[in-house]
Amino acid sequence: MRRRSLLIAVPAGLATLAACGDDKSDSGSVDDSASPSAPGTSAAPPKIVDGPLPAITAGTKFGEKPTVAKGTGEPSKDLAVKTVIAGGGKTVAENDFVVANYLGQVWSTAKVFDNSYDRGTPLAIQLAQGTIIDGWRYALTGKKTGSRVQMAVPPTWGYGEQGNEQAGIKGTDTLVFVVDLQDTFNAKSSAKGSEVAQDNKDLPKVGTNTDGKAPSIDVPDTAPPKELVAAYVLEGDGEELGADNSVLVQYKGVLWDGGKEFDSTYGRGQLTSFSLQQVVKGWAQGLTGKKVGSRVLIVIPPDLGYGDNPPQGSDIKKDSTLVFSVDILAKL
């Protein structure tokens, strides 16, 4: 289990990746507890077969909310997987973080128990054992981004014999999912934007490498700024972040005083995602308006960071100025 991020300003700690795609309430029909983020239950890899699978009757294009017919006959006892639309993007690997829109329903009733299309917010989740149901983990590994994948997941590789009572899923239900794979990232992912001049000698200089390794952060031997600094190091060409968005990032944080690293996704070998409404004010204000695909230098004065109440057990002292390099990988 990864240790908690030091970025979170609330005592509960970092929201899981599974929840970040679901932090906006829906109109009422969708039950977030039925997200495929429930732990897997199987002990061995499934046999993957081509079908049977119910027809997609509407919303047949990639990115459109699909309508899926009720399953007919008995579903396969194995994991049925079909690439409905073949994309030409990056290949998804196990333990990657995938960004995807999806719809899930019960085979026997066609009851839709969850979908991200209505929320307008894709799911970002790691294809790792214990993080996501095994049906997704096995079905999506090896697929390419830009693909639409349909699967029928028996209980063994879904929610198990216990089902999900709150979502109306019984322990005997086979589940049908349609998944639009938007993107995939791993621990070596980096921002890919254009370099921006770092001319201010009174500010830290951040490395511009895009090889997935942690960038250097060189802090000058001067007094820290009293105001928030948020400046592009690499400027991407993606969407701008809104104040209420969630993001998937790589980051590294050091103290202005001495330049000592205190937190890093690179060191953990695992990306992280969160809502900008859940982090310290300096992060929220510094990333709002910045573009996806960018690397951003953020210098956070104490009043927008942890002030006189730093996280226990960390190297952050009272009234510390914090310096971050943040790679914005995806807007969620």
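Since the structure is predicted, the reported quantities are computational estimates derived from the model, not experimental observations. (Residues numbered from 1 in each chain as written. Predicted model: local features only at pLDDT ≥ 70, side-chain atom pairs only at ≥ 80, totals over all residues. Heavy atoms only, no water.)

Trainee: Looking at this model, I keep getting lost on the nonpolar core. Mind explaining?
Mentor: Nonpolar side chains in soluble globular proteins tend to be buried together. Counting residues in each nonpolar core, the largest one holds 27 residues, and the members touching the most others are Trp136, Leu140, Met151, Leu175, Phe177, Val179 and Leu181. Secondary-structure elements contributing two or more residues to this core are strand S4 (79-85), strand S5 (97-106), strand S7 (123-126), helix H2 (134-140), strand S8 (148-153) and strand S9 (175-185). Not counting residues within four places of it along the chain, the set of residues in contact with Leu181 comprises Phe62, Val92, Val98, Val99, Ala100, Leu140, Lys143, Lys144, Thr145, Gly146, Ser147 and Val149. (Core = buried A, V, L, I, M, F, W, Y, C linked by side-chain atoms within 4.5 Å. Buried < 20%, exposed > 50% of the residue type's maximum accessible area, 1.4 Å probe, protein only. Helix = DSSP H or I, 4+ residues; strand = E, 2+ residues; numbered from the N terminus. Contact = heavy atoms within 4.5 Å.)

Trainee: Is there a simple way to explain the packing of aromatic side chains in this structure?
Mentor: To describe a pair of aromatic rings, you give the distance between the ring centres and the angle between the ring planes. Here the structure, examined in full by the defined rule, presents eight aromatic pairs. Between Tyr251 and Phe324 the ring centres are 6.2 Å apart and the planes differ by 65°, which places this aromatic pair in the edge-to-face class. Of this pair, Tyr251 sits in strand S14 (residues 246-255) while Phe324 sits in strand S18 (residues 322-331), placing them 73 residues apart in sequence. In this structure Tyr251 comes out as buried when scored by relative accessible area, which is 0%. On the numbers, 5.3 Å between centres and 70° between planes, the contact of Phe274 with Trp283 is edge-to-face. A cation over an aromatic ring shows up here: Lys290 above the ring of Tyr232, its NZ or CZ 5.5 Å from the ring centre. (Phe/Tyr/Trp six-rings, centres within 6.5 Å; stacked < 30°, edge-to-face > 60°. Lys NZ or Arg CZ within 6 Å of the ring centre and 35° of its normal.)

Trainee: What is the right way to look at the pairing of S5 in this model?
Mentor: Working note: regular strand, side chains alternate between the two faces of the sheet. Extensive coverage of S5 is indicated by the burial of 10 of its 10 residues. Covered by surrounding structure in S5 are Phe97, Val99, Asn101, Leu103 and Gln105 together with Val98, Ala100, Tyr102, Gly104 and Val106, the residues of both alternating faces. Sheet topology note: the S5/S7 ladder contains four bridges and is antiparallel. Bridging from a neighbouring strand, Phe97 pairs with Gln126 of S7. Judged from the 10 bridges that link them, S5 and S9 form a sheet pairing that is antiparallel. Bridge pairing in S9 links Gly104 to Phe177. With three bridges connecting them, S5 and strand S6 (residues 112-115) associate as antiparallel partners. Paired with Gly104 across the strands is Asp114, a residue of S6. The turn joining S5 and S6, which pair antiparallel and follow one another in sequence, is formed by five residues; a positive phi near 65° is taken by Ala110. (Pairing = 2+ DSSP bridges.)

Trainee: I tried to follow the environment of Leu103 on my own but got confused; where do I start?
Mentor: The topology assignment puts Leu103 in strand S5. Put simply, Leu103 and Asp118 are 15 residues apart on the chain and 9.6 Å apart in space, counted from C-alpha to C-alpha.

Trainee: Teacher, can you tell me more about the pattern of salt bridges here?
Mentor: Here the idea is simple: oppositely charged side chains can pair when their charged atoms come close. Throughout the structure, instances matching the rule amount to 11 salt bridges. Note that Asp183 and Lys90 form a salt bridge whose closest N and O atoms lie 2.8 Å from each other. Of the two residues, Asp183 sits in strand S9 while Lys90 sits in the loop between S4 and S5, which places them 93 residues apart along the sequence. Overall, Asp183 belongs to the partly exposed group, its relative accessible area being 23%. (Salt bridge = Lys/Arg side-chain N within 4 Å of Asp/Glu carboxyl O.)

Trainee: Explain unusual backbone geometry to me, please; I cannot follow it from the model alone.
Mentor: In terms of backbone geometry, most residues other than glycine have negative phi values and most peptide bonds are trans. Going from Gly51 to Pro52, the amide bond is cis rather than trans, its omega being 5°. In the Ramachandran plot, Asn95 falls in the positive-phi region, its phi being about 80° despite a non-glycine side chain. Since its relative accessible area comes to 42%, Asn95 is described here as partly exposed. Here the phi dihedral of Asp319 falls at roughly 60°; this positive angle occurs in a residue that is not glycine. Checked against the element boundaries, Asp319 lands in the loop between strand S17 (295-300) and S18.

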